[in-house]
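In case you want the letters, here they are:
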Amino acid sequence: VDHYAVIGNPIAHSKSPDIHARFAAQTQQDLQYDRLLAPLDGFLASVQSFIRNGGKGLNVTVPFKLEAYALATTLTERARAAGAVNTLKFDGTEMLGDNTDGIGLVTDIVRNAGIAVANKSVLLLGAGGAARGVILPLLSEQPARLVLANRTHAKALDLAHRFSNQPRLKVCEFAEVEDTFDIVINATAASLASEVPPISPRVFGAHTLAYDMMYGKEPTAFMRFAKQHGAIVRDGLGMLVEQAAESFYLWRGVRPETSDVFAELRERL
Ligand code: ATR
């Protein structure tokens, strides 16, 4: 059997082994998928030993996505734009680095929520790795505009600068975001602290999709705030399942069906 794993630190909480085991059973792919706890200073050694033992691919999570980016011998365009790698595929001496987070988000919005991004106005909150990872896949959908806003404005300017060939990408200060958007995506870490990014509730209209990349048993503070102001809300559980499906496809060439896996995960949160 071919071996895969998710590597991170910590890793015990990861749902990826569960998701990939379900994908493998459903598509009748013979593979094993484990959790790999790497020491904080031992990412490279852990990857090398995994490959020596015949490992075919890794999902990479906190805090190793930048190291995986540096390690990859080939990068996909979306990994390069993200500046981070969440999926590695090993083939001989080649280490292909991909990033499936952004396409996971887009698939969850467009296919699962049934809301097109094309020609829509999109507000992306945050300017860390989570925000950076989704910019290119969002722009690929041809939104009317993608506005980037971050608590620390300078970081949003720096990030947008990396996409300076993209006329649809704009930057705005939190305090100056006043328009109503079709889609508002929270890519900040505020939800981890049960906080809401300080934006005007006017960004939410009756048809606005407010999407939090975080997920949990209960709606996040951002989702509660958005719902209170009339928005349709969605958390990041679907993004988690869809990024996994895209990694699975990269490794195995088969697209798993995601809706049952999503429903089962939701039930067990
Ligand atoms: P990640 O890789 O998860 O994006 P990060 O690089 O640490 O993590 O970035 C965290 C993001 O969440 C940043 O955009 C941060 O804003 P600052 O650049 O101003 O620090 C944002 N963030 C974290 N806590 C926040 C809060 N309480 N309100 C608003 N933004 C917050």
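Each chain carries its own residue numbering, running from 1 in the direction its sequence is written. Whole-chain, interface and lining totals are the exception, using all residues; otherwise, since this is a predicted model, local features are given only for residues with pLDDT of at least 70 and side-chain atom pairs are given and counted only at 80 or more.

Under an unreviewed UniProt entry, the name given to the protein chain is Shikimate dehydrogenase (NADP(+)), and the organism recorded is Herminiimonas fonticola. Checking UniProt for the protein chain, the heading Subunit (unreviewed entry) contains the comment "Homodimer." UniProt positions are given in the numbering used here, feature names are shortened, and annotations may be inferred rather than shown by experiment. Taken verbatim from the UniProt record of the protein chain, the Sequence similarities (unreviewed entry) comment is "Belongs to the shikimate dehydrogenase family."

### Digging into the environment of Asp158
Strands here are runs of E lasting at least two residues and helices are runs of H or I lasting at least four, both read from the DSSP assignment and numbered beginning at the N terminus. Along the chain, Asp158 falls in helix 7 (residues 153-161). Separated by 13 residues in sequence, Asp158 and Val171 have C-alpha atoms that sit 9.9 Å apart.

### Overview of the UniProt feature "domain: Quinate/shikimate 5-dehydrogenase/glutamyl-tRNA reductase" (unreviewed entry) in the protein chain
What UniProt calls "domain: Quinate/shikimate 5-dehydrogenase/glutamyl-tRNA reductase" (unreviewed entry) maps, in this numbering, to residues 116-191. End C-alpha to end C-alpha, residues 116-191 measures 25 Å, and it is 28% helix and 22% strand.

### Observations regarding the UniProt feature "domain: Shikimate dehydrogenase substrate binding N-terminal" (unreviewed entry) in the protein chain
UniProt marks residues 6-88 with the feature "domain: Shikimate dehydrogenase substrate binding N-terminal" (unreviewed entry), using the numbering shown here. For residues 6-88, the helix share is 42%, the strand share is 24%, and the end-to-end C-alpha distance is 10 Å.

### Section: the domain arrangement of the protein chain
By a widely used convention, the size of an interface equals the accessible area lost when the partners come together. In terms of domains, the protein chain is made up of domain 1 (2-99 + 238-267) and domain 2 (115-235). How far each domain reaches was decided by an automatic or database domain assignment. Look at where the C-alpha atoms of domain 1 and domain 2 centre, and you get two points 26 Å apart. Note on contacts: residues are paired as contacts if their backbone-placed C-beta atoms lie within 7 Å. Facing the 9 residues of domain 1 at the interface are 8 residues of domain 2. Going through the elements one at a time, helix 4 (77-82) and helix 9 (237-252) are the ones with two or more residues in the side of domain 1 that touches domain 2. In terms of residue count, helix 4 provides more of the side of domain 1 that touches domain 2 than any other element does, 3 residues in total. Taken together, the residues that form the side of domain 1 that touches domain 2 break down as 5 nonpolar, 2 polar and 2 charged. Each residue receives one of three labels: charged for Asp, Glu, Lys and Arg, nonpolar for Ala, Val, Leu, Ile, Met, Phe, Trp, Tyr, Cys and Pro, and polar for the others, Gly being one of them.

### Digging into helix 2 (residues 43-52)
Counting along an α-helix, one turn takes 3.6 residues, and residues three or four places apart therefore face a common direction. Comment: burial labels come from other C-beta atoms within 10 Å of the residue's own C-beta, placed from the backbone, where a count of 20 or more is buried, 12 or fewer is exposed, and between is partly exposed. Among the residues of helix 2, Phe43, Val47 and Phe50 are the ones counted as buried. Projected down its long axis, helix 2 shows its buried positions confined to an angular sector of 60 degrees, all on one face. Away from its buried face, by an angle of more than 90 degrees, helix 2 presents the exposed residues Ala45 and Arg52. As for helix 2, its buried residues are in contact with strand 1 (2-8), strand 2 (31-37), strand 3 (55-60) and helix 3 (65-71). Immediately beyond the C-terminal end of helix 2, within one or two residues, lies Gly54, with a positive phi of roughly 95 degrees. Think of it as the arc spanned by the lines of direction from the helix axis to the C-beta atoms.

### Quick word on the packing of helix 9 against helix 10 (residues 259-267)
The angle between the axes and the distance between the axes are what describe a pair of packed helices. Interhelical geometry of helix 9 versus helix 10 gives an angle of 135 degrees and a closest axis separation of 10 Å. If you check the angle between helix 9 and helix 10, you find them oblique. In terms of crossing hand, the pair formed by helix 9 and helix 10 is right-handed. Contacts from Leu237, Gly238 and Val241 in helix 9 reach Val261, Phe262, Leu265 and Arg266 in helix 10. Of the residues in the contact of helix 9 with helix 10, the class split is 5 nonpolar, 1 polar and 1 charged. Axis angles are defined between N-to-C directions and span 0 to 180 degrees, where every axis is a line fitted to C-alpha atoms and, for a helix, only to the segment in contact. Angle categories are assigned with fixed cut-offs, so that under 35 degrees is roughly parallel, over 145 is roughly antiparallel, 65 to 115 is roughly perpendicular, and the rest are oblique. Throughout, a crossing is termed right-handed when the near helix is turned clockwise from the far one, and left-handed when it is turned anticlockwise from it by less than a right angle.

### Regarding the pairing of strand 3
In terms of burial, strand 3 is a largely internal element, 5 of the 6 residues being buried. Only strands that DSSP links by at least two bridges are regarded as paired with each other. Alignment of strand 1 against strand 3, held across 5 bridges, turns out to be parallel. By the bridge assignment, His3 is partnered in strand 3 with Gly55. Where strand 3 and strand 5 (residues 87-91) come together, 3 bridges link them in antiparallel fashion. Within strand 5, the position partnered with Gly57 by the bridge is Lys89.

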